[in-house]
Structures are given as structure tokens and as C-alpha cells.
Amino acid sequence: LSSGGGGPATPKLPESKHSFSKITPGTPVIMQVADSEIGVKQIQINVNNQANNVQVTVTKYDGKPAEVSVAKSGKIYQYLQIDAQNLGTNLDKATVQFRGEKSWASSNGLNKDKISVYKYDGRWNELQTTFAAEDSQYYYYDVELDSFSFFVIGEGAVTAPGETAPGGTAEGRSLLWLWILIALVIVIVVWRMMRKRQVAA
């Protein structure tokens, strides 16, 4: 049977859905994504208030989604969307484990430390992306979120557990400059003392 529109049917995008009848504070729920074609392995959801009849959908796109106005630059593994119905402001945090194929990384000259996750908020923002594990086929990365949106898995820089993001924190950078300044002052004072001793001699 032909469709009423007359044009070719839009191919169905790979997606994974899961429904939770109730999510309560202090008892996180986990959604497993079985479809390995989708670059998300699992999502852990924590709420600050009870949420009922929550449906979470993860969708993989072959290219930039129509709802996104800005294409992501650089090497891209996958565009994704994570959407949650009936969750609203009840979301405390979500910990998402993304995955990327090792074969893609290798063919693009990237090692596991050069893959990041980006979130779309009117522009693409690189998220704190922590390498979690690997198996024979995939690298896995943990990302903590306070809301859902469109995402990109692609070229970037990730941090190992216990490390800060590239460039470090502002506090860490200011402390570094303070120690450099102190060292400079000490060098100048020692140099002046040596000069005075040479003049006195």
C-alpha cells in the first residue's frame, strides 16, 4: 500500500524506550539500552521529588537533527537525543554511560582520551567526560547531567577519574600562579643578597 503523502517514507530512527511507573528520591532507577547501535549503554536517574509515569527515550540520528540549528564541528561519532516525559523539574541528576566504537576512534586517529560528549544548549558545550571502561568493541564514558537534550559523541578531551577537566579549575590555576610568584620573589631576594656580598667583598 502506498502512503497518502506520495513521497518516500521517512526511515525510522534507532531508539530505545523505557517507562517507570514511579521514581522516588533516594532510590535511583537505571535504564539499560540493549541496542548497541545507539551510543548510550545506560542511564541512572535520581530525583529530588517523586515522579510518576516517566518515559525515557534515547534516539540515534545519522546526522544533525532538524531541531538543532548548529552543526557540531570536528570528528563526530554520533548525534543523540535523550528525552524524558513527566520528569520535569523533579530530576536531581542523571548519570549517563555513553559508548563509542573503538574501530571509529582508530580510523579517525583518536585514542580513548580524545573522545568527549557534548550537550546542545543553543550551542555545543563540552561536558565533563570521564573514561569508565572498555571491552573488545567499545570505549565507555560516564557523564553527569542535570537535564536532557541533544548530544554528540565525538572528538574532544576527556579526564581520568580524580582528575580535573583540561586546564584545571580556576582555583588550581590561581594557586599555581601564586607559587610561581613566590618562587620568583625568592630568586630575586637571593640574587640581591649575593650581589651585596660580592660588592662588600
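Residues numbered from 1 in each chain as written. Predicted model: local features only at pLDDT ≥ 70, side-chain atom pairs only at ≥ 80, totals over all residues. Heavy atoms only, no water.

## As for the nonpolar core
Ile43, Ile45, Phe98 and Phe148 are the most contacted members of the largest nonpolar core, which has 39 residues in total. The biggest single contributor to this core is strand E10 (residues 138–145), with six residues. Among residues more than four places away in sequence, those in contact with Phe98 are Gly39, Val40, Leu80, Ile82, Val117, Tyr139, Tyr140, Tyr141, Val143, Phe151 and Ile153. (Core = buried A, V, L, I, M, F, W, Y, C linked by side-chain atoms within 4.5 Å. Buried < 20%, exposed > 50% of the residue type's maximum accessible area, 1.4 Å probe, protein only. Helix = DSSP H or I, 4+ residues; strand = E, 2+ residues; numbered from the N terminus. Contact = heavy atoms within 4.5 Å.)

## As for the sheet that holds strand E4 (residues 51–61)
Taken together, the six strands give an open sheet; going across it, the order is E1-E4-E5-E11-E7-E8, and neighbouring strands pair in antiparallel fashion. Edge positions in the open sheet fall to strand E1 (15–23) and strand E8 (124–126), since each of these has one partner strand only. Averaged over all neighbouring strand pairs, the angle between strand axes comes to 25°, with direction disregarded. (Pairing = 2+ DSSP bridges. Axes fitted to C-alpha atoms, helices over the stretch in contact; angles between N-to-C directions.)

## With respect to the sheet that holds strand E2 (residues 29–32)
Overall, antiparallel pairing links the five strands, which are arranged E2-E3-E6-E10-E9 in an open sheet. Two strands bound the open sheet, and with one partner strand each, they are E2 and strand E9 (130–134). Strand after strand, the sheet turns through a mean of 20° between neighbouring axes, direction not considered. For strand E3 (residues 40–47) and strand E6 (residues 91–101), the ladder comprises seven bridges, and the chain directions are antiparallel. Bridge assignment links Ile45 to a residue of E6, and that residue is Ala94.

## Details of the packing of aromatic side chains
Here the structure, examined in full by the defined rule, presents eight aromatic pairs. Geometrically, the ring pair formed by Phe98 and Phe151 is tilted, given 5.8 Å between the ring centres and 55° between the ring planes. One end of the pair, Phe98, is in strand E6; the other, Phe151, is in strand E11 (residues 150–155), and 53 residues separate them in sequence. Judged by relative accessible area, which is 0%, Phe98 ranks as buried. With 5.1 Å between their ring centres and 55° between their planes, Tyr120 and Trp124 make a pair best called tilted. One exposure class covers both Tyr120 and Trp124, and it is buried. Taken together, Tyr79, Tyr120 and Trp124 form an aromatic cluster joined through their ring pairs. Seen from the ring of Tyr140, Lys41 lies directly overhead, with NZ or CZ sitting 4.8 Å from the centre. Stacked on the ring of Tyr118, the Lys or Arg Lys72 has its end atom at 4.1 Å from the ring centre. (Phe/Tyr/Trp six-rings, centres within 6.5 Å; stacked < 30°, edge-to-face > 60°. Lys NZ or Arg CZ within 6 Å of the ring centre and 35° of its normal.)

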